[in-house]
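# Architecture at a glance
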Amino acid sequence: MLKGKVVVLGVTGGIAAYKTADLASRLVKQHAEVHVIMTKNATEFITPLTFESLTGTKCIVDTFDRNFQWDIQHISLAKKADAFMVAPATANVIAKMAHGLADDMLTTTILAAKCPKIIAPAMNTAMFENPITQNNLEILRQYGFTVIEPEAGILACRDTGKGRLPSTELLLSSILQAIAFEKDMAGLRVLVTAGPTQEALDPVRYITNLSSGKMGCAVAEAAVLRGAAVTLVSGPMTAEAPYGLQEHLSVRTAQEMYAAVIDRFAEQDITVKAAAVADYRPVHCADEKIKKSDTDLSVSFTRNPDILLELGKRKRADQLLCGFAMETENLLQNAAEKLKKKNADLLVANSLRQAGAGFQGDTNVITLMTQTETTELPLLTKKEAAHRILDKLLEMRAKQETASI
Ligand code: CTP
């Protein structure tokens, strides 16, 4: 995702500095050209050699290092950088950056850089919460820096509180959000549903399905990376929700999902219903745990609301609605019927019978179906499939806009 992109990582003298090695490695795996600049203090925690081995580029510490290629490094790196992340950022370096001090290679280069700048503070809680640090962070935000909030937990100083460097996954995701994709969904509001629902039988038992939520999360993540403001409504899924969501609502039952989605539908430009919603729920949820007896147990079920069907009724001409159809037989025929019946603009159909498609895996084989065309796609990762679904929706939106002129 970062082919052809240059990422500069600034590493300052905090105990979390070792975690940035993992980030550097992940960036290289995404095909980024990675350059690391360390403060002198950072080299007390981790060696430049670690970063050089991971990135294949020289790790820069000293502003006046003459043992390297002839160009003014801080200016050339600042010009080359597509993104600049300082992680971990100590209170000291944050203060210097906020006030334009440039007394080492890191602060000098960042002052000259015009690309997106992201900083991830990590320090003792009292230092972080000190109004001086908070003011400095606010100054940086006003200058257009993105500040990633530290996480709460047990710190190296044995205190418990806010100050831990967030996960590599989150740091990587914020770099991807800044530079990985063209922001062709900027200004669009997208609602995605993901995962299964659970329908309770009694306080300890429920009916559900095998949905992992991976496909819905992939769509939500792709939309975030392309600049959309994304709301995710998810059932109890095993997949992890992506970073950068505008809103994430966790629900349990189909009725809860219905309420959350209906409430937010009017303000959306695009809604993608990837959730595997239970069509039925037990008529009664027992107040106490159902005890076994010697006879068979029968449970009566009643219909849940069909969320997609309801959205199809409420849909305005300027909105796009995308549903999913998972089938075990008659894929295209069933999908076409669902598209029509639920008044969706796009239906993503997949067959559970096809190798590489379905609930738990990381790949899918999908067919995109609109009122006028059917496109079968090859085996793709769910992340790739998500982008193809969004490509189609954007293409339909462009036609919608042309038609309304
Ligand atoms: N869906 C929904 N609300 C429901 C059931 C389904 O919004 N109560 C949505 C799903 O999120 C999906 C689409 O409808 O986008 C199709 O779901 P699917 O389970 O394949 O189809 P159903 O309409 O439930 O039909 P059937 O189970 O008979 O195949």
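So, a few notes on the structure that sits alongside this text. (Residues numbered from 1 in each chain as written. Predicted model: local features only at pLDDT ≥ 70, side-chain atom pairs only at ≥ 80, totals over all residues. Heavy atoms only, no water.)

### Focus on the overall build of the chain
For clarity, the cut-off: Per the convention used, a helix needs a DSSP run of H or I reaching at least four residues, while a strand needs a run of E reaching at least two, with both numbered from the N terminus. Whether a residue is buried, partly exposed or exposed follows from its accessible area with a 1.4 Å probe, protein chains only, as a fraction of its type maximum: under 20%, in between, or over 50%, in that order. Any pair of residues with heavy atoms lying within 4.5 Å of one another is described as a contacting pair. We get accessible surface area from the Shrake-Rupley algorithm with a probe of 1.4 Å; when it comes to residues, only the shown protein chains can shield them. As used throughout, the charge tally considers Lys and Arg to be positive and Asp and Glu to be negative, leaving His and the chain termini uncounted. By convention, the point assigned to a charge is CZ for Arg, NZ for Lys, CD for Glu and CG for Asp.
Counting its regular elements, the chain contains 13 helices and 21 strands. Counting all 405 residues of the chain, 51% fall into the buried class. Contacts in the chain between residues at least 24 apart in sequence constitute 66% of all its contacts with a sequence separation of at least 6. Element-wise, carbon and sulfur atoms account for 52% of the exposed surface of the chain, whose accessible area totals about 19900 Å². Between the centroid of the 45 positive side chains of the chain and the centroid of its 46 negative side chains there is a distance of 1 Å.

### What about the environment of Met-1?
On the secondary structure map, Met-1 appears in the segment before strand 1 (6-11). By relative accessible area, which is 39% here, Met-1 ends up partly exposed. Note: C-alpha distance between Met-1 and Thr-374 (373 residues apart in sequence) is 28 Å. Dropping the residues within four chain positions of it, Met-1 is found in contact with Gln-30, Leu-176, Ala-180, Phe-181 and Leu-225.

### Considerations on the side chain of Asn-304
Note that Asn-304 resides in the loop between strand 15 (301-303) and helix 11 (307-314). Those residues in contact with Asn-304 that lie beyond four places of it in its chain are Glu-199, Ala-254, Gln-255, Ala-278, Asp-279, Tyr-280 and Arg-281.

### A word on the sheet that holds strand 2 (residues 33-38)
Operational definition: Pairs of strands are assigned from DSSP output, requiring at least two bridges between the strands.
Pairing in this open sheet of 5 strands is parallel, and the strands run 2-1-3-4-5 from one edge to the other. With one partner strand each, in any of the chains shown, strand 2 and strand 5 (146-147) form the two edges of the open sheet. Relative to strand 5, strand 4 (residues 117-121) runs parallel, the two sharing 2 bridges. Each bridged residue has a counterpart across the sheet, and for Ile-118 the counterpart in strand 5 is Thr-146.

### Some remarks on helix 1 (residues 19-29)
Those residues of helix 1 not exposed but buried are Thr-20, Ala-21, Leu-23, Ala-24, Ser-25 and Leu-27. Where helix 1 terminates, the next one or two residues include His-31, which has phi positive at roughly 70 degrees.

### Section: the site of the ligand
We apply this condition: Whether a residue is near a molecule or strand is decided by its heavy atoms; if any one of them lies within 4 Å of it, the residue is near. Side-chain atoms alone can form a polar contact between residues adjacent in sequence; in general such a contact is a pair of N or O atoms within 3.5 Å, and within protein one must be able to donate a hydrogen while the other accepts it.
Residues in contact with the ligand amount to 14 residues; listed here are only the nearest, Lys-273, Ala-275, Phe-324, Lys-338 and Lys-342. Measuring from an oxygen atom of the ligand, one finds a backbone N or O atom of Lys-273 at 2.7 Å. Within the backbone of Ala-275, one N or O atom sits 2.8 Å away from an oxygen atom of the ligand. Compared with its free state, where it exposes 560 Å², the ligand has 77% of that area covered by protein. Among the elements that make up the shell around the ligand, the one with the highest residue count is strand 16 (residues 320-327) (4 residues).

### Quick word on the pattern of salt bridges
Note the cut-off: Salt-bridge detection follows one rule: a side-chain nitrogen of Lys or Arg within 4 Å of a carboxyl oxygen of Asp or Glu.
Summed over all chains, the structure comprises 24 salt bridges. The residue Lys-392 makes a salt bridge to Glu-373 at a minimum N-O spacing of 2.5 Å. With Lys-392 in helix 13 (residues 382-404) and Glu-373 in the loop between strand 19 (367-369) and strand 20 (374-376), this pair connects stretches of sequence that are 19 residues apart. For Glu-373, a relative accessible area of 31% gives the class partly exposed. Between Lys-399 and Glu-395 there is a salt bridge whose closest N-O contact spans 3.7 Å. With Lys-399 and Glu-395 both in helix 13 and 4 residues apart, this pair spans about one turn of that helix. Of the residues examined, Lys-399 reaches a relative accessible area of 52% and is grouped as exposed. Here the salt bridges share partners, and the residues they tie into one network are Glu-138, Arg-141, Glu-149 and Lys-162.

### A short note on the packing of helix 1 against helix 2 (residues 48-55)
To keep things clear, this is the line we draw: Axes here mean lines fitted to C-alpha atoms, for a helix over just the part in contact, with angles spanning 0 to 180 degrees between N-to-C directions. Put simply, angles under 35 degrees are roughly parallel, angles over 145 are roughly antiparallel, angles from 65 to 115 are roughly perpendicular, and the rest are oblique. By definition, turning the near helix anticlockwise from the far helix through less than a right angle yields a left-handed crossing, and turning it clockwise yields a right-handed one.
As a packed pair, helix 1 and helix 2 sit with axes 9 Å apart at the nearest point and diverge in direction by 15 degrees. Looking at the two axes, helix 1 sits roughly parallel to helix 2. Crossing of helix 1 over helix 2 shows right-handed handedness. Taken together, the residues of helix 2 that come into contact with helix 1 (itself represented by Thr-20, Ala-21, Ala-24, Ser-25 and Val-28) are Thr-50, Phe-51, Leu-54 and Thr-55.

All we've got here are geometric facts, nothing functional implied.
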